[in-house]
Amino acid sequence: MRLLMTADTVGGVWTYAVELIRALAGHGVEAMLATMGAPLSAAQRSDIRVLTNLAGVFESSYKLEWMEDPWEDVRAAGHWLLGIAERVRPDLLHLNGYAHGALGWPAPVVMVGHSCVLSWWEAVHGVPAPERWRRYREEVARGLTATSVVAAPTCAMLGALQRHYGVRGGRVVPNARSPRIPSREKRDVVLSAGRLWDEAKNLRAIAAAAPRLPWPVCVAGEAQHPEGGRNVLDGVRALGPLSPGDLAEWYADAAIYALPAKYEPFGLSVLEAAQAGCALVLGDIPSLRENWDGAALFVHPSDEQEFEGVLRRVITDSSLRLGLQERARQRAKAFTPEAMARGYLDAYAEATAKETTCAS
């Protein structure tokens, strides 16, 4: 199978795409990757250099649909993507964005919903997205309804697509990460990771608690928003954006991983921390409950006092901490690249069968 996949380069979709392409190598899938959002970084170029089944990379800097006033770029990116499809003749399209779903592709389409503005806004602000997002809503709904198969990494995210855009049915295919964390004795450190500029990560709650905790709190992630502006957290040790290898070292060291997220459709950083045997303290939201209930402690994202108290309890109670570390490590074993690959192969087969039925 020849697969053309889209990916943005400014978030977790990049990590997901690389992991999936690698996992599909053993199933006879030859992939081509079309990127948008920003030029590939040196680290991202290194990521794809080792993918044996990657037949080509088409790079662009077109704005993504959730960015400010993106629609001229989205239109131009659509023409660009159709041109690529005409040249490479894929058997199937795997779209990791929404607006291009209705382009009239020459092959079946599987679209994956990793997040969306409407569910993000609702989770972060507690109210529906304002009127200025009407066109976004319309474009996303149009793309989703034109797609052969819709998938999402959690039931919670699929439910958001059904609620906000009228999606019917759909598949849940959990994300995965190849275990790559060194095994060694834990240090007395609380770690968090995420885009500092994204309110959904709620990293300000960590900064608020940090000065009163007996252990140091370290936060890894990009402070610079892709469209300008910078978010700096006081009270924590800011590690900045780290390479996957450097971040793996921090996961290996940290005894606790904390993410009091208001919105997290899957949570790759949580999975990586769990693989490293970190005790997990997470925001009590449906997606994180779905994946980690029974293997983590949960706090209401808006209750900073509760968050600080739970962190203090895990820090001071070694028996509790060790039990959480082991439960997280065991739960993480369920999220394998092979399981993810098979889930998408089933989705690809369904999309192809639907296309064949429509054509006959």
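Residues numbered from 1 in each chain as written. Predicted model: local features only at pLDDT ≥ 70, side-chain atom pairs only at ≥ 80, totals over all residues. Heavy atoms only, no water.

Draft legend 1. Quick peek at the environment of glutamate 30. Mapped onto the elements, glutamate 30 comes out in strand 2 (residues 30-36). Glutamate 30 sits in the partly exposed class, given a relative accessible area of 31%. The sequence separation of glutamate 30 and arginine 171 amounts to 141 residues, and the corresponding C-alpha distance is 23 Å. The contact partners of glutamate 30, leaving out residues within four places of it in the chain, are Met1, Arg2, Leu3, Asn53 and Ala55. (Helix = DSSP H or I, 4+ residues; strand = E, 2+ residues; numbered from the N terminus. Buried < 20%, exposed > 50% of the residue type's maximum accessible area, 1.4 Å probe, protein only. Contact = heavy atoms within 4.5 Å.)

Draft legend 2. Spatial organisation of the sheet that holds strand 10 (residues 237-240). Taken together, the 6 strands give an open sheet; going across it, the order is 10-9-8-11-12-13, and neighbouring strands pair in parallel fashion. Strands at the two margins of the open sheet, each flanked by one partner only, are strand 10 and strand 13 (297-299). The average undirected angle you get between the axes of adjacent strands in this sheet is 25°. In this sheet, strand 9 (residues 217-220) lies alongside strand 8 (residues 187-193) in parallel orientation, the contact comprising 4 bridges. Paired with alanine 193 across the bridge in strand 9 is alanine 220. With respect to the sheet, helix 12 (residues 318-332) is in contact with strand 11 (254-259), strand 12 (279-283) and strand 13, its orientation differing from that of strand 12 by roughly 80°. (Pairing = 2+ DSSP bridges. Axes fitted to C-alpha atoms, helices over the stretch in contact; angles between N-to-C directions.)

Draft legend 3. Local environment of the pairing of strand 4 (residues 92-95). Going residue by residue along strand 4, you find Leu92 and His94 tucked away on one face and Leu93 and Leu95 tucked away on the opposite face as well. Pairing of strand 1 (residues 2-8) with strand 4, which is carried by 3 bridges, proceeds in the parallel orientation. Directly across from methionine 5, in strand 4, lies its bridge partner histidine 94. Sheet analysis places strand 4 next to strand 5 (residues 109-112), joined by 3 bridges and oriented parallel. Counterpart to leucine 95 in the pairing with strand 5 is methionine 111.

Function cannot be inferred from these measures alone, as they are strictly geometric.
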